[in-house]
Amino acid sequence: MSRQSLARRFIAGLLLLLAALTAHAQFIDDVEWRRDGADAVLQVTFAVPIQFQRASIAASGDLAQAFYDLRPRGDLPASLAADRRVAPSDGLPGVSISDDPVGTLLSRKLVIRFDRKIAFRVRAGRGNCCIEVVVPGAGAAVDARVPVTPGPAVEDRFLITLQQSTDPSLRMEMPVPAELQAYQLFTARRVVDSRTVYEINLGYFSTRAEAERALRVLATRFPQAKIVEVTQQAPPAAVAAVREPQPAPAPPAGVPMPAPPPVPVVPVTPGAPEAAPPPAPSPAPTPAPTAEPPPQPEAAPPTSAEIDQRGRVLLAQARAAMDKGDLEQAVGLFNQLLNLPPNVASQDGQELIGVARARLGDVTRARAEFELYLKLYPTGPGAQRVQRELERLGAGAPAERRVRRAAAPITSFAGSFSQYYFGGRSQITQLREGTPLQGVPVPPTQDPISSVDQKQLQSSLDLNYRHRDADSDLRVVFRDIFTKNFLDQTSSFSTRTPNRLNAAYVEYRALPTGFSGKVGRQSPTGDGVLYRFDGARVGYLFVPKFGINAVAGVPADDLFDAKRRFYGLSFDAENLFDHLSASVYGIQQTIDGQTDRRAVGTELRYFDAQTNVFGVFDFDTLFHAVNIASVQGTWQTSNNAMTLTFLADRRTAPILATGNALLVPDSTSGTPVIHRTITEYLQTLTIDEVRQLAKATTTYVNQEQVGATVQTSPNFQIGATVSLTNIGALPQFDPDPSRIPSIPAQPATGNIYSYGLQFISSNLYSERDSHVLSTSLLKGATYKGRLFAYNNLSLLGERLQLEPSIKYYRQDNGDGSQITRWTPGLRLGWRMTKNFSVEGDVEYENSKTRQPFDATTGQTPVEKANRVFYFVGYRYDF
């Protein structure tokens, strides 16, 4: 087979596969809220690997688009639920998410709509199968959805001193690692060897083992940290929140903004008389140089009036930030206010910073702020308000460990039912262009050929049940699609069974013990499993960072009549170091009683607020070859102003397995025969010969990609991607033509380059419109393709969504042939009620294929084709 035919076969196969999938196929597997520190995170999990590319957020604050690329694993699901909705709850809005194709076949986008305005940002999620929407400060609202386990009352016996100094202006040198931020961070002052020392402490810890585990995590950032045991002779230090330095906001016009040196809030040792905060130190005189110029006079310290004015401004700015819902900014401004010497705004600031931290869900620090308020201002209306806040937070004595109170069990049931009718009609016309040569008869005119090529009704049912209490979390999920094809089955393109069960599983987690189990049809979650399967996955978290998982099942999609089964084991380690997690696995699969696949591998995950890196290495010990070596990553600035992505991937295609031999027609008898089981092969071949045949059909696909997106203005983004794909060669396989099917040599495709440029604008004529203009250049050894696409999304009112689009594609082949294709389209969505919506889409495709000039006739064969595709349907959520 020639290089050109191999490249065309690969591209044609990819086009056919993805055209069938992307018409209305969706890849969302699950959507769920979780807590990440003080933030709420909506995690959208996919059934296949993906890579986040960029996001665009509307000025209305309730709409976003998240663009991503599919990264096929071992298969692509034929169809999943089109849309997902999450019901609102106390503190969290309702969310609607749809998944749509964009431009190229592997490029897609999520359209995310909240039912009210909210501050949020979009980022790449953990691993390579999710995208996350972060709502700052809403972590407490997630806790309200999840019951907590009551624990026995225990004493606080240990704390860790992070830093110690005789300097009263002691400040944090490094932030506390994320996994320890639930503990309380506070300052203390005590006398050691007749010296007053100032400390920053972290606590409290019930056992020394708990404190030692925390100390190991802290060692890299705080090498001088040490464990202190709290005894009756050495009572714990009084609690006060540590004030970390914050950037000062710009002063409002006409308001003086002096910048006095910060003075820390220093609590006293219990039993000792309270001392006033130390006065601001005067700046040291600058030494005069040996020669001119004369020494300059020292700057005068700020007056109490200037400090009061500075305090009033910071208090006003912090209140305004709270009113807007920007609680993080409010906490920073309150910290600046409380770092000033005592002033007219200090008392209000001390109360309000506790309120802001409580709204952020940071209960521990909120208690610390309120307790410090009562220590500084024990009487008055403010003290009464603060006492009520402490009671609302369930606060007891400052030095006692609080007992977590069990929340009421939570039971939820949600689902949807939808039906969509898909139709399509084609018309093909053959003609010749040019003047025929003398003596050559003119071919007769051919009438256009029209046909209906799609006519089906797709019904989808999606059910989700969940029950959570203090000790357990139970989920039951069912997703099924039934397709009724009204065309003659013998002429229909689709050979799939009419019913497609995508998910049907029960998942249970025993929270106190760390046990988890998931049984039924499910999507893979690592462990070396590469496709949907029917089976079970159980896990046990034996210490906070380490767990073990076992998986067993059968692939959900059949391989002819072969019987396949697999089982595997994996070990997980979360937060080995800051933000770094890893797992190792082993897996074995059988086919008709023979070993099909045996592999070991590892997955590495690095994740923080800005960076996501995921790597996987899979080695097949049966074939002694690398199956997958892949790493991908995303880096984003905190405000999404810049996003960088990269991918380096090398994998076998298909994945190495003994069953690949069934894909080779057996022509040793003269007539090609498809063997439907490995047992049939073993009637004439040994198992080693079957595996040689399987390996001879397998090549490597290499792909590299880099991309960048820059927010050039509040309403405009520019994105660019460059990718390289290479499909390796297959050597000739012909060991014994009389017994073993032969495979001809197939050359490599050579490098296939793709260059893409995207222009994304939003809010040009409303608060919710967006525009994506993209252009791509695809260049291979024997062809060059160009794609131009435009997509618009507009919301007319609150219920009607309008998406016009147009695409133009042109491909020039090395043999002189040419393909051009125009595809305008229009999509409408109307949410008639809260639970009922209708949707429709229509696309018209006009294509023209021009063959090379025919010298014998003096004409150019041309084929013109017109195709109309549409779907219309409804969806009901309950």
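All values derive from a computational prediction rather than experimental measurement.

Student: Before we go on, may I ask you to explain the overall build of the protein chain in this structure?
Tutor: Of the regular secondary structure elements, the protein chain holds 10 helices and 35 strands. Looking at the 878 residues of the protein chain, the share that counts as buried comes to 47%. At a minimum sequence separation of 6, the contacts of the protein chain that also span at least 24 residues come to 60%.

Student: I'm lost on the packing of aromatic side chains in this one. Help?
Tutor: What describes a pair of aromatic rings is the distance from one ring centre to the other and the angle between the planes of the rings. Following the criterion strictly, the structure yields 17 aromatic pairs and no others. Ring geometry for F422 and F871: centres 5.5 Å apart, planes at 40°, overall tilted. You can see F422 sitting in strand β14 (residues 410-433) and its partner F871 sitting in strand β35 (residues 860-877), a full 449 residues away along the chain. F871 shares its class with F422; the two are buried. An angle of 75° between the planes, with centres 5.3 Å apart, marks the rings of F533 and F566 as edge-to-face. Residue F533 is located in strand β19 (residues 533-543), and its partner F566 is located in strand β21 (residues 564-577); the two are separated by 33 residues in the primary sequence. Seen from the ring of Y505, K518 lies directly overhead, with NZ or CZ sitting 4.3 Å from the centre. Looking at R564, its charged tip hangs above the ring of Y531, at a distance of 5.9 Å from the centre.

Student: When you look at the confidence of the model for the protein chain in this model, what are you seeing that I'm missing?
Tutor: Low-confidence regions, as indicated by low pLDDT, have predicted coordinates that should not be scrutinised in detail. For the protein chain, the mean per-residue pLDDT works out to 79, and 80% of the residues sit at or above 70. Here residues 232-240 is modelled with pLDDT under 50, and outside its nearest four sequence neighbours on either side it reaches 26 contacts, counting other chains as well. Here residues 244-293 is modelled with pLDDT under 50, and outside its nearest four sequence neighbours on either side it reaches 72 contacts, counting other chains as well.

Student: Can you help me understand the sheet that holds strand β4 (residues 63-70) in this one?
Tutor: Sheets are built from strands paired through backbone hydrogen bonds, the pairs being either parallel or antiparallel. Taken in spatial order, the 5 strands of this open sheet run β3-β4-β7-β6-β5, and their pairing is antiparallel. With one partner strand each, in any of the chains shown, β3 (50-57) and β5 (83-86) form the two edges of the open sheet. Strand-to-strand twist across the sheet, computed as the mean angle between neighbouring axes with direction ignored, equals 20°. Relative to strand β7 (residues 107-114), strand β6 (residues 95-101) runs antiparallel, the two sharing 7 bridges.

Student: Can you help me understand the pairing of strand β30 (residues 770-779) in this one?
Tutor: Put simply, side chains in a regular strand alternate between the two faces of the sheet. Pairing of strand β29 (residues 751-762) with β30, which is carried by 10 bridges, proceeds in the antiparallel orientation. Its bridge partner being in β30, S754 is matched across the sheet by L778. Here 10 bridges tie β30 to strand β31 (residues 783-796), and the two strands are oriented antiparallel to one another. Pairing of S774 across the sheet is with A789, part of β31. Between β30 and the antiparallel strand that follows it, β31, lie 3 residues.

Student: Is there a simple way to explain the side chain of N763 in this structure?
Tutor: Counting through the fold element by element, N763 comes out in the loop between β29 and β30. According to the relative accessible area criterion, N763 is buried, its value standing at 13%. Engagement of the side chain of N763 in a polar contact is seen with the side chain of S762, the distance being 3.3 Å. When sequence neighbours within four positions are dropped, the list of residues in contact with N763 reads I57, A58, A59, N715, R768 and D769.

Student: How do you make sense of the pattern of salt bridges when you look at a structure like this?
Tutor: A complete count under the given rule lists 36 salt bridges for this structure. Between R605 and E603 there is a salt bridge whose closest N-O contact spans 3.6 Å. We classify E603 as buried; its relative accessible area is 11%. Taken together, the shared-partner salt bridges connect D29, R84, D462 and R479 into one network.

Student: Any chance you could explain unusual backbone geometry here in plain terms?
Tutor: Backbone phi values are negative for most residues with the exception of glycine, while trans is the configuration of most peptide bonds. Backbone torsion omega between A653 and P654 reads -5°, so that peptide bond is classified as cis. Within the fold, P654 resides in the loop between β26 (642-653) and α9 (678-681). In this structure, F560 is a non-glycine residue whose phi angle is positive, near 50°. Among the secondary structure elements, F560 is positioned in the loop between β20 (546-555) and β21. On the accessibility criterion, F560 (31% relative accessible area) is partly exposed.

Student: What should I look at first to understand helix α4 (residues 304-324) in this one?
Tutor: Since the α-helix packs 3.6 residues into each turn, any two residues three or four apart lie on the same face. The end-to-end C-alpha distance of α4, which contains 21 residues, comes to 30 Å, matching closely the 30 Å that a straight helix rising 1.5 Å per residue would cover. For α4, the full list of buried residues reads I307, D308, R310, G311, V313, L314, L315, Q317, A318, A321 and M322. The elements touched by buried residues of α4 are α5 (327-339) and α6 (346-360). The positive-phi residue at the C-terminal boundary of α4 is G325, with phi of around 90°.

Student: Explain a nonpolar patch on the surface to me, please; I cannot follow it from the model alone.
Tutor: On the surface, Y508, F515, V538, Y540, F542, V543, F546, L576 and F577 cluster together to form a nonpolar patch covering roughly 810 Å² of accessible area. Elements with a contribution of two residues or more to the nonpolar patch: β19 and β21. Broken down by element, the residue count for the nonpolar patch peaks at 4 residues, all from β19. Along the chain, the position of Y508 falls in strand β17 (residues 499-510).

Student: Can you walk me through the nonpolar core in this structure?
Tutor: Side chains that are nonpolar tend, in soluble globular proteins, to be buried together. Judged by nonpolar contacts, the single largest core of 33 residues is most densely connected at W33, F46, I97, L110, V122 and I131. With residues up to four places along the chain from it excluded, the contact list for L110 reads I28, V44, F46, A64, Q65, A66, Y68, I97, S98, D99 and I131. Counting 29 residues, the second largest nonpolar core, distinct from the first, contains I307, M322, L333 and V386.

Student: What should I look at first to understand the sheet that holds strand β9 (residues 130-135) in this one?
Tutor: A sheet is described by the order of its strands in space; here 4 strands give the open sequence β1-β2-β9-β8, paired in antiparallel fashion. Strands with a single pairing partner mark the edges of an open sheet, and in this sheet they are β1 (28-36) and β8 (121-124). The mean angle between the axes of side-by-side strands here comes to 25°, regardless of whether they run parallel or antiparallel. Bridge count for β1 against strand β2 (residues 39-46) is 8 bridges, and the pairing is antiparallel. Looking at β2, one finds that D30 is bridged to T45.

Student: When you look at the packing of α4 against α6 in this model, what are you seeing that I'm missing?
Tutor: At a minimum axis distance of 11 Å, the contact between α4 and α6 shows a crossing angle of 20°. If you check the angle between α4 and α6, you find them roughly parallel. Pair α4 / α6 crosses with left-handed handedness. Residue-level contacts link L315, R319 and M322 of α4 to D348, G349, L352, V355, A356 and R359 of α6.

Student: Honestly, the pairing of strand β27 (residues 699-713) in this entry has me stumped. Any pointers?
Tutor: Summarising the sheet, β26 and β27 pair through 12 bridges and their orientation is antiparallel. Across the sheet, F646 pairs through a bridge with V706, a residue of β27. Where β27 and strand β28 (residues 716-727) come together, 12 bridges link them in antiparallel fashion. Note that in β28 the partner of V710 across the bridge is I718. Between β27 and β28, which pair antiparallel and follow one another directly, the connecting turn spans 2 residues.

Student: Before we go on, may I ask you to explain helix α3 (residues 208-218) in this structure?
Tutor: When we look at burial in α3, the residues that qualify are E210, A211, A214, V217 and L218. Buried residues of α3, seen end-on, are gathered within an arc of 115° and therefore sit on one face of the element. Where the residues of α3 are buried, they touch β10 (158-165), β12 (195-205) and β13 (226-229).

Student: Just to check I follow, could you spell out the environment of A383 for this structure?
Tutor: With respect to the helices and strands, the residue A383 is situated in helix α8 (residues 381-392). The exposure class of A383 is buried, given its relative accessible area of 7%. Measuring from C-alpha to C-alpha, the distance between A383 and Y373 comes to 7.5 Å, with 10 residues separating the pair along the chain. When sequence neighbours within four positions are dropped, the list of residues in contact with A383 reads Y373, L374, Y377 and P378.

Quick notes on the rules
Residues numbered from 1 in each chain as written. Predicted model: local features only at pLDDT ≥ 70, side-chain atom pairs only at ≥ 80, totals over all residues. Heavy atoms only, no water. Helix = DSSP H or I, 4+ residues; strand = E, 2+ residues; numbered from the N terminus. Buried < 20%, exposed > 50% of the residue type's maximum accessible area, 1.4 Å probe, protein only. Contact = heavy atoms within 4.5 Å. Phe/Tyr/Trp six-rings, centres within 6.5 Å; stacked < 30°, edge-to-face > 60°. Lys NZ or Arg CZ within 6 Å of the ring centre and 35° of its normal. pLDDT = per-residue confidence, 0-100. Pairing = 2+ DSSP bridges. Axes fitted to C-alpha atoms, helices over the stretch in contact; angles between N-to-C directions. Polar contact = N/O pair within 3.5 Å; in protein donor to acceptor, adjacent residues only side chain to side chain. Salt bridge = Lys/Arg side-chain N within 4 Å of Asp/Glu carboxyl O. Expected span 1.5 Å × (residues − 1). Patch = residues over 30% accessible without salt bridge, like charges linked within 9 Å, V, L, I, M, F, W, Y side chains within 5 Å. Areas by Shrake-Rupley, 256 points an atom, 1.4 Å probe, with all protein chains shown as cover. Core = buried A, V, L, I, M, F, W, Y, C linked by side-chain atoms within 4.5 Å. Parallel < 35°, antiparallel > 145°, perpendicular 65-115°, else oblique. Left-handed = near helix turned anticlockwise from the far one by under 90°. Arc of directions from axis to C-beta.

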